Amino acid sequence: MSTQPATTTSPSVDERATMPEPQTLTRERLRAWAWHRQGLDGSLAGCTAEQVLARAGWARSVGGANPYITLFARAGIRREQVDADVLAHRILELPAARGCTYVLGRDDFAWSLKLGKDAAEAVRVLGRLGVDRGEITLLEEQVVHTLAEAEGPMDPRQLKEELGDSVRNLGEEGKKKGAATTLPTALGILQSQGRIRRVPANGRLDQQRYAYELWNLPPSTLDDDAARTELIRRYLGWTGGATLKQSQWFTGFTVAQSKTALAAVGAVEVPTALTLAGGDALWMLPDDVGRLATFEEPDAEQIQLLAGTDSLFLLRRNAADLLAEEDQHKPALESLALQADLPDHPILDRGRIIGLWQYEPAKERIVTWLFHGPTPAVTARIAEVEAWVREDLGDFRAFSLDSPASRQKRIDALAASAAAAAASIAPGTAS
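First things first, this report covers the structure right here in the doc. Starting afresh in each chain, residues are numbered from 1 along the sequence in its written order. The model is predicted, so local features are restricted to residues of pLDDT at least 70 and side-chain atom pairs to those at 80 or more, both for listing and for counting; the totals for chains, interfaces and linings are taken over all residues. Side-chain descriptors were evaluated using all non-hydrogen atoms of the structure, hydrogens and water having been removed beforehand.

This next bit is on the overall build of the chain. Looking only at helices and strands, the chain has 18 helices and 13 strands in total. In terms of overall size, the chain behaves like a compact globule, its C-alpha atoms giving a radius of gyration of 23 Å where 431 residues would be expected to give roughly 22 Å. Taking the principal axes of the C-alpha coordinates as reference, the chain spans close to 70 × 60 × 40 Å. Accessible area for the chain stands at about 19400 Å²; split by element, carbon and sulfur atoms hold 51% of it. Just so you know, the count uses Lys and Arg for positive and Asp and Glu for negative, and it drops His and the chain ends. Here the site of a charge means atom NZ of a Lys, CZ of an Arg, CG of an Asp or CD of a Glu. A gap of 3 Å separates the mean positions of the 48 positive and 58 negative side-chain charges of the chain. Counting from the N terminus, the helices are the DSSP runs of H or I reaching at least four residues and the strands are the DSSP runs of E reaching at least two. Radius of gyration: C-alpha atoms only; globule rule: 2.2 Å multiplied by the number of residues to the exponent 0.38. For the accessible areas, the method is Shrake-Rupley and the probe is 1.4 Å, while residue cover comes only from the protein chains on display.

This paragraph deals with the sheet that holds strand 5 (residues 101-105). Two strands pair under a simple rule: DSSP has to find at least two bridges between them. A sheet is described by the order of its strands in space; here three strands give the open sequence 3-5-4, paired in antiparallel fashion. Edge positions in the open sheet fall to strand 3 (59-60) and strand 4 (91-95), since each of these has one partner strand only.

Sheets are built from strands that pair by backbone hydrogen bonding, the pairs being arranged parallel or antiparallel. An order of 10-11-12-13 is seen for the four strands of this open sheet, with the pairing classed as antiparallel. Of all the strands in the sheet, just strand 10 (303-305) and strand 13 (365-370) have a single pairing partner and so form its edges. Here the strands of the sheet are splayed against their neighbours by 25° on average, with no regard to which way each runs. The pairing of strand 12 (residues 352-360) with strand 13 spans six bridges and is classified as antiparallel. Note on strand 13: the bridge partner recorded for Glu360 is Arg365. Geometry is summarised by axes, namely lines fitted to C-alpha atoms with helices restricted to the contacting stretch, and by angles between N-to-C directions that run from 0 to 180 degrees.

Take the pairing of strand 4 next. Per-residue accessibility, obtained with a 1.4 Å probe over protein chains only, is compared with the maximum for each type, and a residue is labelled buried under 20%, exposed over 50%, and partly exposed between these values. Most of strand 4 is tucked away, with five of its five residues classed as buried. Going residue by residue along strand 4, you find Ile91, Glu93 and Pro95 tucked away on one face and Leu92 and Leu94 tucked away on the opposite face as well. Note that strand 4 and strand 5 share five bridges and pair antiparallel. If you follow Leu92 over to strand 5, its bridge partner there is Leu104. The turn linking strand 4 back onto strand 5 is made up of five residues, and Arg98 within it adopts a positive phi angle of 60°.

It is worth spelling out the environment of Met19 at this point. Mapped onto the elements, Met19 comes out in strand 2 (residues 16-20). Given the relative accessible area of 5%, Met19 is considered buried.

Moving on, we come to the environment of Gly308. One can find Gly308 in the loop between strand 10 and helix 16 (311-314). According to the relative accessible area criterion, Gly308 is buried, its value standing at 18%. Between the alpha carbons of Gly308 and Ala263 there is a distance of 32 Å; along the sequence they are 45 residues apart. The contact definition used throughout considers only heavy atoms, calling two residues in contact when any of these lie within 4.5 Å. Gly308 has contacts with Phe313, Leu342, Asp344, His345 and Pro346, leaving out every residue within four places of it along the chain.

Our focus in this paragraph is the packing of aromatic side chains. When the centres of two rings from Phe, Tyr and Trp lie within 6.5 Å, Trp using its six-membered ring, the rings pair. Their planes under 30 degrees apart give stacked, over 60 give edge-to-face, and anything left gives tilted. All chains considered together, the criterion is met by twelve aromatic pairs. Taking 4.5 Å as the distance between ring centres and 5° as the angle between the ring planes, the aromatic pair formed by Phe72 and Trp388 counts as stacked. Here Phe72, found in helix 3 (residues 66-75), pairs with Trp388, found in helix 17 (residues 376-393); they are 316 residues apart in sequence, far enough to count as distant. With a relative accessible area of 1%, Trp388 lands in the buried category. Considering the side-chain rings of Trp369 and Phe371, the 5.0 Å spacing of their centres and the 70° angle between planes classify their relative orientation as edge-to-face. Overall, the relative accessible area of 7% leaves Trp369 in the buried class. Taking relative accessible area as the criterion, Phe371 reaches 4% and is therefore assigned buried. Joined through ring pairs, the aromatic side chains of Trp58, Tyr102, Trp111, Tyr235, Trp238 and Phe250 make up one cluster. Geometrically, a lysine NZ or arginine CZ counts as sitting over a ring once it is within 6 Å of the ring centre and also within 35 degrees of the ring normal. In this structure, Arg98 packs its charged tip against the face of Trp249, placed 4.4 Å from the ring centre.

Before going further, it helps to examine the side chain of Ser247. Structurally, the position occupied by Ser247 is in helix 12 (residues 244-251). Of the residues examined, Ser247 reaches a relative accessible area of 2% and is grouped as buried. Leave out the neighbours within four places in its chain, and Ser247 touches Ile232, Tyr235 and Gly252.

Our focus in this paragraph is the nonpolar core. Only buried residues count toward a nonpolar core. Its members are Ala, Val, Leu, Ile, Met, Phe, Trp, Tyr and Cys residues joined through side-chain atoms within 4.5 Å. One finds Trp58, Tyr102, Leu231, Phe250, Trp388 and Phe396 to be the most contacted residues of the largest nonpolar core, which totals 65 residues. Contacts of Phe250, omitting those with residues within four sequence positions, involve Trp58, Ala97, Arg98, Tyr102, Leu231, Tyr235, Trp238 and Leu315. In this structure, Ala34, Ala73, Leu312 and Val367 belong to the second largest nonpolar core, which totals 20 residues.

Two elements in contact, helix 11 (residues 224-239) and helix 13 (residues 255-264), have axes whose closest approach is 9 Å; the angle formed by their N-to-C orientations is 70°. When the axes of helix 11 and helix 13 are compared, the pair comes out roughly perpendicular. Residues Arg228, Thr229, Ile232 and Leu236 of helix 11 form the contact with helix 13, whose own contacting residues are Gln257, Ala261, Leu262 and Ala264. Here the contact of helix 11 with helix 13 is composed, by residue class, of five nonpolar, two polar and one charged. Any angle from 65 to 115 degrees is called roughly perpendicular, while one under 35 is roughly parallel, one over 145 is roughly antiparallel, and all others are oblique. Think of it as three bins: nonpolar holds Ala, Val, Leu, Ile, Met, Phe, Trp, Tyr, Cys and Pro, charged holds Asp, Glu, Lys and Arg, and polar takes everything else, Gly as well.

Throughout, the protein atoms alone are placed on a 1 Å grid, and a set of points is a cavity if a 1.4 Å probe fits but cannot get out or a pocket if it is open with protein on both sides within 12 Å along at least five of seven lines; lining residues have an atom within 4 Å of a point. Grid points are joined across faces, edges and corners, and a volume is the space filled by probe spheres set on the points. Scanning all chains against the criterion turns up one cavity of 30 Å³ or more. Roughly 30 Å³ of internal volume is contained in the largest cavity. Ala34, Gln38, Trp238, Thr239, Ser311, Leu312, Leu315 and Arg316 are the residues that line the largest cavity. Looking at the lining of the largest cavity, the elements that each hand over two or more residues are helix 11 and helix 16. Class assignment of the residues belonging to the lining of the largest cavity gives a composition of four nonpolar, three polar and one charged.

The residue Leu104 is located in strand 5 in this model. Taking the C-alpha atoms as reference points, Leu104 and Ala54, separated by 50 residues in sequence, lie 7.7 Å from one another. Once residues within four sequence positions are removed from consideration, Leu104 is found in contact with Leu53, Trp58, Arg90, Ile91, Leu92, Leu94, Phe109 and Ser112.

Keep in mind these values describe shape, not function.
This is the structure:
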């Protein structure tokens, strides 16, 4: 493979990275590279949950099963072990980038809290509703005192009852602004400071019923700039490279903040075949540029069933890039190719989406639509994941309100697409 030298954008990095020729970095090659960087090629087998999350990225948690399948797909970790890790505070669900909740390892707890939405914004909303900062500060201390006196974690309803008139009801105007009472703002501020933490009501991550307990996490020694730099370093490592716009979506940083952080980690701007066609270049860590130059795409199938919110998609929101050209033009997939997020869970082979799936709990089965029919490896992996969902989870929700009834229409659509595909492959055969 021909290569050309490239220098990093950071004046503190003197080494020259070996950059692949742009035309060699095709969509297919970049898919396989991202797959490898995400540890979906078996390279994370035997790792702990902390190690997986450090290598592949934090697992998005919205009351769905994504954290569980993230760890099962990459390292074979079962739900019982994941829940034990949460109980032991080896991994936790915390507000991090953009204020969104992720499951992450303990080495990241303190500094990641600096990345959440500015608590001042929530305070400003309450200020417009006639609540001053002093009232919220007092409520924060009352929450801490109440939790200190409690025999165990308390849910928001219990806290509200215990705090009584200290929690102000903000009426219809408050509801319109997403602040029905003053309690959520106080809880959010305390959580962002590491003084309290949310506890899953039944110890499981695939629901959104929480209680709160005291935590008193020692604060991070990183300032805001250093925390942003660390997130960019992690993000580029998790993805194996991303465009500036993609990094901004995940981090929530401004253009100026993003460029400063990219320079601080010595990121390299790497043109690809997509760049030659008018797309954006990728920003990569210097070491990864050299690794990509010598990366060899795997020949054998590597089949995985993932959640639609897996880091492979969510970190860059580029689901369309993971579809083969011929699959983007299937009538039932044309809308998918234009979406940043997936409506169903994907089945993949070495980074390419080869089908979609949903779980039907009433029949304890996975319903699939494979674009080009099954291979033995695909059939075997579907059976493995189906047994895991049945034994470990009982259902597979995309998010907290994803009930079996609400997803039945999607299940029926997948079954219809699969039947139509089978009929087109074998005309005249009963579907």
